[in-house]
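Structural overview for review
In case you want the letters, here they are:
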Amino acid sequence: MSNATDKPDSAADEKSLDFIREMVAADIEAGKHEKIVTRFPPEPNGYLHIGHAKSICLNFGIARENNGVCNLRMDDTNPVKEDVEYVQSIQDDLNWLIDGWADHVKSPELLFASDYFERFYNYAVDLIKAGKAFVCDLNAEEFMATRGTPTEAGTNSPHRDRSVEENLDLFKRMREGEFPDGAKTLRAKIDMASPNIHMRDPAFYRIRHAHHHRTGDDWCIYPTYDFAHCLEDSIEGITHSLCTLEFEVHRPLYDWILDNLDVPRPQPRQTEFARLNLNYTVMSKRKLLSLVEDGIVDDWNDPRMPTISACRRRGVPAEALRRFCDIVGVTKFNSLTDVALLEHTIREVLNKESVRRFGVLRPIKVVITNYPKNGEEDCEGPNNPAAEDQGTRTMPFTREVYIDAEDFMEEPPPKYFRLRPGGEVRLKYAYIIKCEEVVKNDDGSIAELRCTYDEGSKRGGPTADRKVKGTIHWVSAKHALDATVHLYERLFNVPEPGADDRDFVEDLNPNSLETVQAKLEPSLADLKPGDPCQFERLGYFCHARESSPDNPAFLRTITMKDAWTRKKPKK
RNA sequence: UGCCCGAUGGUGUAACGGUAGCACAGCAGUCUCUGAAUCUGCUUGUCUAGGUUCAAAUCCUAGUCGGGCAACCA
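Going along each chain's sequence as written, the residues are numbered from 1 onward. To label them, take the chains in the order written and letter them from A, then take the ligands in the order written and number them from 1. Totals for whole chains, interfaces and linings use all residues, but because this is a predicted model, local features are given only for residues with pLDDT of at least 70 and pairs of side-chain atoms are given and counted only at 80 or more. Values shown for side chains rest on all heavy atoms present in the structure; no hydrogens or waters enter the calculation.

The next thing to look at is the environment of S194. Tracing the sequence through the fold places S194 in the loop between β5 (185-188) and β6 (203-207). In sequence terms S194 and E166 are 28 residues apart; their C-alpha atoms lie 26 Å from each other. Here, two residues are considered to be in contact whenever any of their heavy atoms come within 4.5 Å of each other. S194 has contacts with M199 and R200, leaving out every residue within four places of it along the chain. A 3.5 Å cut-off defines polar contacts: any pair of N or O atoms within that distance qualifies, except that in protein one atom must be a possible hydrogen donor and the other a possible acceptor, and neighbouring residues in sequence count only when both atoms are side-chain atoms. Of note is the side chain of S194, whose polar atom sits 3.0 Å from the backbone nitrogen of N196. The way it works is that DSSP assigns letters per residue, a run of H or I at least four long becomes a helix, a run of E at least two long becomes a strand, and they are numbered from the N terminus.

Take a look at the structure:
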């Protein structure tokens, strides 16, 4: 369980704490809590994305570092927007993300705000009895019209001074279904002149004759976020309620409700942090949904999506996501994080974990004319040069091999040190070859390369130490595994899709998916699904979900860093 | 024109009144049977103006810029 790369456990880390962890540490120091309890409270109305990963890492991380608990709670107070489909996907994604890291601090039960409906109702009754809430007959339009503006005070509801008895009666009849949707609300009695609009007698209950995915038709009144959330936290004994910046102005209301009710003390404390923004992608549920619905991507878990399920499908290790969240940190500054930071942690983790294999994405046939006609021999290469203990693999070498189209140029630019006519290159773990002839098809495309090999240049041979500038990967034509490979790039071309009033679809990268028929090292057929693999010199790949023995399929998680394509002269 | 929050290199962050540091990105070099990784070096920053102080990124005031807030959404 000791993973030095993850969030510090207790190891002598001199790493400074973010402002929230500092606060938690101070609360512990002051003896304020017996146990730290945080929570991750998604609304089941969409898939989890990388932005949620930040919140998950924060909440579960804090629980983990303090021997606490983090509750997974569905914030399902609005039946018209939520769906069970999402309850499952949220659990799957979260479990994958925290597996082996913070799964031991997750609440044993999956929690639902809807399980507290009866208690919410009783708290509302308490507020009415205390003269702190009233039933209002204003409809939505009237409510807004009397709410005022940021610069003007609102006006009191005409029903604000109803007696406690009348309010109690009306509220009960609201629950019993006597009134149609929107006919009445339960409102707090605070201050219609407050400069904070959320304190202007906000609604706590609305009438919705709607079927709830868990409580069915038990209720026709549902609590609003502001009323429910602080009580959910209170009921669960949450010590630190962490949310994003837009809830900052709701905090006075969060505190007001708990202050005015007989709830356990100390009350949970809400603290806000900045949500995660990533460049070259979009994160809003609305935009993500439209990508799915308009068929721009296959589904929520299309590998180009910034969702957690997409990351998983694409072969991004959970640890890479966690490291990324760690690097990004927690502040109140509205930032736009460079996706290169994420790409870095993905490569960092994958470099450590991936076996090396050869894959030729755009094959060109090479015939080694001075190699025996039916000759065949094994070449050996390490499974992972970064981990000697992972042993070696062998791959067959024959007279005809495939190399990648990118590794041959008839008229190469300066500093190109792969294969060229008359030039030499090393076939990695095998021989140095020299290109003697380029055979063309009728249309001018390359049919094959005819090369000769230096028989003594294999490892251990007399000319093995000859220096040639380039080393390339290859696959024996006879043994190659034919596979479909999906190559993904960023979904968008620009750092901020949709900026400057553009429609964000205008910024889509038309080349975000390319599918090729590749020739792979035969042992790749044995790669376990889910195991990462590096196609040497190309990038990190994994078994595609739809892969089968008859139709093997792989997809590219991420390319290698590539100094050459950055450097080479652009056409 | 109301209220709340924020501002440190290109990006993300640290420094809690005492030498502005780290990571990513970039550049240059090293190494290399992966143009990767490794290793080395370099470029680049405290929003502005005042004030307090021996000393300010840090405290105070004003301004500038950015974000949020007027669902019976969360």
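So, about a negative patch on the surface. In this scheme, patches are assembled from residues that exceed 30% relative accessible area and form no salt bridge. Like charges are connected within 9 Å, while nonpolar side chains (Val, Leu, Ile, Met, Phe, Trp, Tyr) are connected within 5 Å. Accessible areas in this description were obtained via Shrake-Rupley with a 1.4 Å probe; residue shielding takes into account the shown protein chains only. Salt bridge, as applied in this entry: a Lys or Arg side-chain nitrogen positioned within 4 Å of an Asp or Glu carboxyl oxygen. For the purpose of counting charges, residues Lys and Arg are taken to be positive, whereas Asp and Glu are taken to be negative. His and the chain ends are not included. Think of each charge as sitting on NZ of Lys, CZ of Arg, CG of Asp or CD of Glu. Among the surface-exposed residues, D83, E85, D298, D299 and E546 lie close enough to one another that they form a single negatively charged patch. You can see D83 is positioned in the loop between β2 (69-74) and α3 (84-98).

Right, let's talk about the packing of helix α4 (residues 117-129) against helix α7 (residues 225-235) for a bit. Between α4 and α7, the least distance of the axes is 11 Å, while the angle of their chain directions is 110°. One way to sum up the angle between α4 and α7 is to call them roughly perpendicular. The way α4 lies across α7 gives a crossing that is right-handed. Here α4 contributes R119, F120, Y123, A124 and L127 to the contact with α7, which in turn contributes F227, A228, L231, E232 and I235. An axis is simply a line fitted to the C-alpha atoms; with a helix, the fit covers only the stretch in contact. Between two such axes, the angle follows the N-to-C directions and lies from 0 to 180 degrees. Roughly parallel means an angle under 35 degrees; roughly antiparallel, over 145; roughly perpendicular, 65 to 115; everything else is oblique. Each crossing is labelled by how the near helix is turned from the far one, with a counterclockwise turn of less than a right angle marking it left-handed and a clockwise turn marking it right-handed.

What follows deals with the nonpolar core. Only buried residues count toward a nonpolar core. Its members are Ala, Val, Leu, Ile, Met, Phe, Trp, Tyr and Cys residues joined through side-chain atoms within 4.5 Å. Relative accessibility thresholds used throughout: buried, under 20% of the residue-type maximum; exposed, over 50%; partly exposed, between the two (1.4 Å probe, protein chains only). Grouped together as the largest cluster of nonpolar side chains are 52 residues, with contacts concentrated most on I50, I56, F60, L291, M305 and L342. Listed by contribution, the elements that provide at least two residues to this core are α2 (50-65), β2, α3, α9 (285-293), α10 (308-314), α11 (318-328) and α12 (339-353). The next biggest cluster of nonpolar side chains, apart from the first, holds 38 residues, and it includes Y116, A124, C220 and I257.

What follows deals with the domain arrangement of chain A. Just so you know, the domain bounds were taken from an automatic or database domain assignment. As far as domains go, chain A holds domain 1 (117-226) and domain 2 (355-567). A separation of 65 Å is found between the C-alpha centroids of domain 1 and domain 2.

In this section: the protein's contact with RNA strand B. Around RNA strand B sit 70 residues, and of these E22, D75, M144, R206 and Q534 come closest. Sugar plus phosphate: this is where 66% of the atoms of RNA strand B within 4 Å of the protein reside. Take R147: an N or O atom from its side chain is 3.5 Å from a phosphate oxygen of RNA strand B. Among the elements of the structure, α5 (140-145), β6, α11, α12 and α13 (563-567) are those that each provide at least two residues to the surface near RNA strand B. When its residues are assigned to classes, the surface near RNA strand B shows 25 nonpolar, 21 polar and 24 charged. Put simply, a residue is near a molecule or strand once any heavy atom of it comes within 4 Å of that molecule or strand. The classification used treats Ala, Val, Leu, Ile, Met, Phe, Trp, Tyr, Cys and Pro as nonpolar, Asp, Glu, Lys and Arg as charged, and all other residues, Gly among them, as polar.

Where like charges cluster on the molecular surface, the positive patch consists of K415, K469, K561, R566 and K567. For K567, a relative accessible area of 60% corresponds to the exposed category.

We now examine α12. For a helix, the expected span equals 1.5 Å multiplied by the residue count minus one. For α12, built from 15 residues, the straight-helix expectation of 21 Å at 1.5 Å per residue is met to within 8% by its first-to-last C-alpha distance of 21 Å. Of all the positions in α12, only V339, L342, E343, T345, I346, R347, V349 and L350 are classed as buried. In this fold, the buried residues of α12 make contact with α2, α11, β24 (539-543) and β25 (553-559).

What follows concerns the sheet that holds strand β12 (residues 363-368). Strands pair in a sheet through their backbones, by hydrogen bonds, and they do so in one of two ways: parallel or antiparallel. Pairing between strands is defined by DSSP: at least two bridges between the two strands are required. Taken together, the 7 strands give an open sheet; going across it, the order is β19-β16-β17-β18-β12-β15-β20, and neighbouring strands pair in mixed fashion. Whereas interior strands pair on both sides, the edge strands pair on one side only; in this sheet they are β19 (471-472) and β20 (475-476). Here strand β17 (residues 432-440) runs beside strand β18 (residues 446-453); their pairing, made up of 7 bridges, is antiparallel. Note on β18: the bridge partner recorded for V438 is L449.

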